[in-house]
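# Observations on the model geometry
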Amino acid sequence: MSDENTLIISGAGTSLKKELDVPIAGDYQIALQGLSTYYSWPNITATNNVLKYTVGGTQKSITFPPGAYDMKAMASFITSELRRKGDDKAFRLGANTNTLKAVIDVILANCVVNIGDSTIKSIFGWTTGNLSKGTHTSPKKVHITDVNEILVHCNIAKGVYTAESSGRLSRQTVLASFYPNVAPGYKVNIEPRQLFYSPVNTPLIKEVAVWLTNQDNKPLDNGEEILSVKLHIKAV
């Protein structure tokens, strides 16, 4: 093999593997040259997708299909569901872009948004409460996602050191990290301006595996969207 090699791995999901037709032998280092996928990992799941409200004493609810939503998409879904249920003038969801807090405007006098009983409340910045007629601002900032950083792992990378809960430093397989520069539902394209190389941890490269996790090393679920990763391997 040459002193420099470019390897492209593509497939569905966030855990990919490729066996090399010709193994690479020697002292090498590796860097992430490019990555593309869709921002499709869900921030709303079956555990936090219900918004409850009452109209005229009748308890109702809106259930979001699991998926990746921003505030605009959530507000739009609520509006469409209220219209479908005949409650289109009951309340509406908005956001204050200056304070990063949610705003719920309860319009009907006989409507109460039971935010404290809703599993989606933490995303909207609430913990408790029932919201009656009037405009209500969330006590906390909206919490759209638990993913603060995406880690790109590679099985042959002698990656960075990270701190464990015990305080001890351990060396991980992290090759690079990033955060999407697009909204949910759009394509993520990462092309580092400068390549940062990690030593390869084996003298003979037969197989290369790449996988994505969040900042807590929990596997990322992109709903089986296509992930493409471009790696640059060069001799030391």
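Rules and cut-offs
- Residues numbered from 1 in each chain as written.
- Predicted model: local features only at pLDDT ≥ 70, side-chain atom pairs only at ≥ 80, totals over all residues.
- Heavy atoms only, no water.
- Helix = DSSP H or I, 4+ residues; strand = E, 2+ residues; numbered from the N terminus.
- Rg over C-alpha atoms; globule rule 2.2 N^0.38 Å.
- Buried < 20%, exposed > 50% of the residue type's maximum accessible area, 1.4 Å probe, protein only.
- Contact = heavy atoms within 4.5 Å.
- Areas by Shrake-Rupley, 256 points an atom, 1.4 Å probe, with all protein chains shown as cover.
- Lys, Arg positive; Asp, Glu negative; His and termini not counted.
- Charge placed at Lys NZ, Arg CZ, Asp CG, Glu CD.
- Salt bridge = Lys/Arg side-chain N within 4 Å of Asp/Glu carboxyl O.
- Pairing = 2+ DSSP bridges.
- Axes fitted to C-alpha atoms, helices over the stretch in contact; angles between N-to-C directions.
- Phe/Tyr/Trp six-rings, centres within 6.5 Å; stacked < 30°, edge-to-face > 60°.
- Polar contact = N/O pair within 3.5 Å; in protein donor to acceptor, adjacent residues only side chain to side chain.

This part covers the overall build of the chain. Scanning the chain from N- to C-terminus turns up two helices and 17 strands. Here the C-alpha radius of gyration of the chain, 23 Å, is well above what a compact globule of 236 residues would show, namely 18 Å. Counting only C-alpha atoms, the chain reaches 75 × 40 × 30 Å along its principal axes. The proportion of buried residues among the 236 residues of the chain is 41%. Looking at the chain alone, contacts between residues at least 24 apart form 68% of all its contacts between residues at least 6 apart. Taken as a whole, the chain presents about 12600 Å² of accessible surface, with 49% of it coming from carbon and sulfur. With 24 positive and 20 negative side-chain charges, the chain shows a spacing of 8 Å between the two charge centroids.

Positionally, Pro65 belongs in the loop between strand S5 (58-63) and helix H1 (71-84). Distance in space between the C-alpha atoms of Pro65 and Tyr28 is 46 Å, their sequence separation being 37 residues. When residues no more than four places from it in sequence are discounted, the contact partners of Pro65 are Ile44 and Phe77.

Right, let's talk about the pattern of salt bridges for a bit. Within this structure, the stated rule accounts for three salt bridges. Asp105 is paired through a salt bridge with Arg92; the nearest N and O atoms lie 2.9 Å apart. Pair noted here: Asp105 is in strand S7 (residues 101-106) and Arg92 is in strand S6 (residues 91-96), with a separation of 13 residues, a long-range link. With a relative accessible area of 45%, Arg92 lands in the partly exposed category.

Strands sit in the order S2-S16-S10-S13 across an open sheet of four strands; the sheet is antiparallel. Sheet topology places strand S2 (15-25) and strand S13 (174-178) at the edges, where each strand pairs with a single neighbour. On average, adjacent strands in this sheet sit at an angle of 20° to one another, irrespective of strand direction.

What follows deals with the packing of aromatic side chains. All told, the structure shown has four aromatic pairs when counted by the stated rule. Their ring planes at 40° and their centres at 4.8 Å tell us that Phe64 and Phe77 sit as a pair that is tilted. Here the residue Phe64 occupies a position in the loop between S5 and H1, and Phe77 occupies one in helix H1, the gap between them amounting to 13 residues. Phe77 matches Phe64 in its accessibility class, with the two residues each being buried.

Okay, the environment of Thr213 next. Inspection of the secondary structure puts Thr213 in strand S16 (residues 204-213). Considering only alpha carbons, one finds Thr213 and Pro192, 21 residues apart in sequence, at a separation of 19 Å. The contact partners of Thr213, leaving out residues within four places of it in the chain, are Glu149, Ile150, Leu151, His153, Lys218, Pro219 and Leu220. Only 2.9 Å separates the side chain of Thr213 from the side chain of His153, close enough to count as a polar contact.

The antiparallel open sheet is built from three strands, whose spatial order is S6-S7-S9. Bordering the open sheet on either side are S6 and strand S9 (134-141), each of which pairs with just one other strand. Averaged over all pairs of adjacent strands, the angle between their axes in this sheet comes to 25°, without regard to strand direction. Direction of pairing for S7 relative to S9: antiparallel, over a ladder of five bridges. Paired with Lys101 across the strands is Lys141, a residue of S9. Against the sheet, H1 engages S6 and S7, with an angle of about 170° to S6.

By themselves, these are just geometric observations and shouldn't be taken as functional.
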